[in-house]
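The chain contents come next:
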Amino acid sequence: MTESTPAPYVGPTRVLSGIQPSGALHLGNYLGALIKFVALQDQRPYLFVADLHAITVWQDPAKLAEQTREIAAAYVAAGLDPAKASIFPQSAVRAHAELGWIFNCVARLGWLDRMTQFKEKSGKHKERSSVGLYTYPVLQAADILVYKATHVPVGEDQKQHLELTRDVAAKFNHDFAQPGFFPLPEPLIQGPGARVMSLRDGTSKMSKSDPSDYSRINLTDDADAIAQKIRKAKTDPEPLPDNLEALKARPEADNLVGIFAALSGETKEAVLARFSGQGFGAFKPALVEVAVETLAPVGERMRRLMQDPAEIDRILADGAQQASEVAEPVLAEVRKIVGFWAPRGAGLA
Ligand code: AMP
Ligand code: TRP
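Just so it is clear, the model here is predicted, and its values are computed rather than measured.

S.K.: Sorry if this is basic, but what is going on with the packing of helix H7 (residues 131-145) against helix H8 (residues 159-175) here?
M.R.: In a pair of packed helices, the angle between the axes and the distance between the axes together describe the arrangement. Following both chains from N to C, one finds H7 and H8 inclined at 70°, their axes separated by 9 Å at the closest point. Looking at the two axes, H7 sits roughly perpendicular to H8. H7 and H8 meet at a crossing whose hand is right-handed. Across the interface between the two elements, Tyr 136, Pro 137, Val 138, Gln 140, Ala 141, Ile 144 and Leu 145 from H7 touch His 161, Leu 162, Leu 164, Thr 165, Val 168 and Ala 169 from H8. Broken down by class, the residue content of the contact of H7 with H8 amounts to 10 nonpolar, three polar and no charged.

So, in structure tokens, the structure goes:
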């Protein structure tokens, strides 16, 4: 091997992702993240509730634990089996925060200066944002690499954070002369649900923070609310085209076709083949049908699970235990590589 070719990572495939407990989950989270987690669950993924990330913006301490349970309930309601997936609160596995600090000393300011999510979230008053919001992507790198995760299913908005994770991994491996120590994880983003847009504006992302509740479908919306939001969704007067190219200039139409495709597990081409030439008067009722059929039972299961917080707590505690068993040894290796003090003779078996 030449010096310029870093050693490849040799290790097991490991899937990991997280969702912040910072507000109600919506259709974008479901299609961009949750259903992908379910599709991957035979790989025994590590799925956490990103409470350390949530507090980068203010969270009411009286509500945070309950919001954490809610995300855990959503994982299970979406179809994840706690016997296959380890579901846990990020803050319960201390190794995330410790590796996060070490990575703060690996990542460069210039890398973080390029992060678009910080720019969006900090808005006009960057100087009033928490320092945590700025180093958010560095903690995300630690979340992933403390498990030596190789595959990370996320929505498209996380692409840049995954690139930073790869940069951190490569720089750590290089600086400490540990080729192949950390993998360079792959984001799993593809599919029509990777970027779900607002129902009120096809050019902005569906998000928890949009002031209009009509912009999004929440996972806890009942069938009536889902139907009403789709009926009121912004569209244009044209019938649906027969090719993807013609959709590109029509963001709202493109979004609804993408949502239909992601919910029904088809491609956008297949949806167009079925509906081309028809107007939204025909398309929207069909979309309501598939949306209600898919989402209403998830909301229902979520509500039911939330009535049994002890069961959720058991899932979270078991998950944290399983996650720690993977993360702690990796952190121990990192501490040694960095050269932190340990009692003399420790670790010599
Ligand atoms: P967050 O709620 O920001 O913690 O996001 C949790 C997951 O949902 C991440 O994988 C995001 O990429 C994904 N996600 C959030 N909003 C959307 C959206 N509008 N479309 C697709 N995926 C999304
Ligand atoms: N930043 C992610 C989001 O907002 C949540 C997250 C935190 C995450 N750590 C992660 C996702 C690690 C994947 C892997 O959606």
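S.K.: Got a minute to help me understand the packing of aromatic side chains in this structure?
M.R.: Counted by the stated rule, this structure contains 15 aromatic pairs. Between Tyr 46 and Tyr 147, the ring centres sit 5.4 Å apart and the planes meet at 20°, which makes this aromatic pair stacked. Note that Tyr 46 is positioned in strand E2 (residues 46-49) and Tyr 147 in the loop between H7 and strand E4 (151-153), a separation of 101 residues in sequence. Put simply, the rings of Phe 103, Phe 172, Phe 176, Phe 181 and Phe 182 touch in pairs and so form one group of aromatic residues. The cationic tip of Lys 148 hangs over the ring face of Phe 181; the distance from NZ or CZ to the ring centre is 3.9 Å. In this structure, Lys 232 is placed above the aromatic ring of Tyr 214, and the distance from its NZ or CZ to the ring centre is 5.8 Å.

S.K.: Explain the site of ligand 1 to me, please; I cannot follow it from the model alone.
M.R.: In the vicinity of ligand 1 there are 18 residues, among which Gly 155, Asp 157, Val 196, Met 206 and Lys 208 approach most closely. Residue Gly 28 places a main-chain N or O atom 3.1 Å away from a nitrogen atom belonging to ligand 1. If ligand 1 stood free it would expose 490 Å²; the protein chains cover 92% of that surface. Among the elements that make up the shell around ligand 1, the one with the highest residue count is helix H1 (residues 27-39) (four residues).

Conventions and cut-offs
- Residues numbered from 1 in each chain as written.
- Chains lettered and ligands numbered in written order.
- Predicted model: local features only at pLDDT ≥ 70, side-chain atom pairs only at ≥ 80, totals over all residues.
- Heavy atoms only, no water.
- Axes fitted to C-alpha atoms, helices over the stretch in contact; angles between N-to-C directions.
- Helix = DSSP H or I, 4+ residues; strand = E, 2+ residues; numbered from the N terminus.
- Parallel < 35°, antiparallel > 145°, perpendicular 65-115°, else oblique.
- Left-handed = near helix turned anticlockwise from the far one by under 90°.
- Contact = heavy atoms within 4.5 Å.
- Nonpolar A, V, L, I, M, F, W, Y, C, P; charged D, E, K, R; others polar.
- Phe/Tyr/Trp six-rings, centres within 6.5 Å; stacked < 30°, edge-to-face > 60°.
- Lys NZ or Arg CZ within 6 Å of the ring centre and 35° of its normal.
- Near = heavy atom within 4 Å.
- Polar contact = N/O pair within 3.5 Å; in protein donor to acceptor, adjacent residues only side chain to side chain.
- Areas by Shrake-Rupley, 256 points an atom, 1.4 Å probe, with all protein chains shown as cover.

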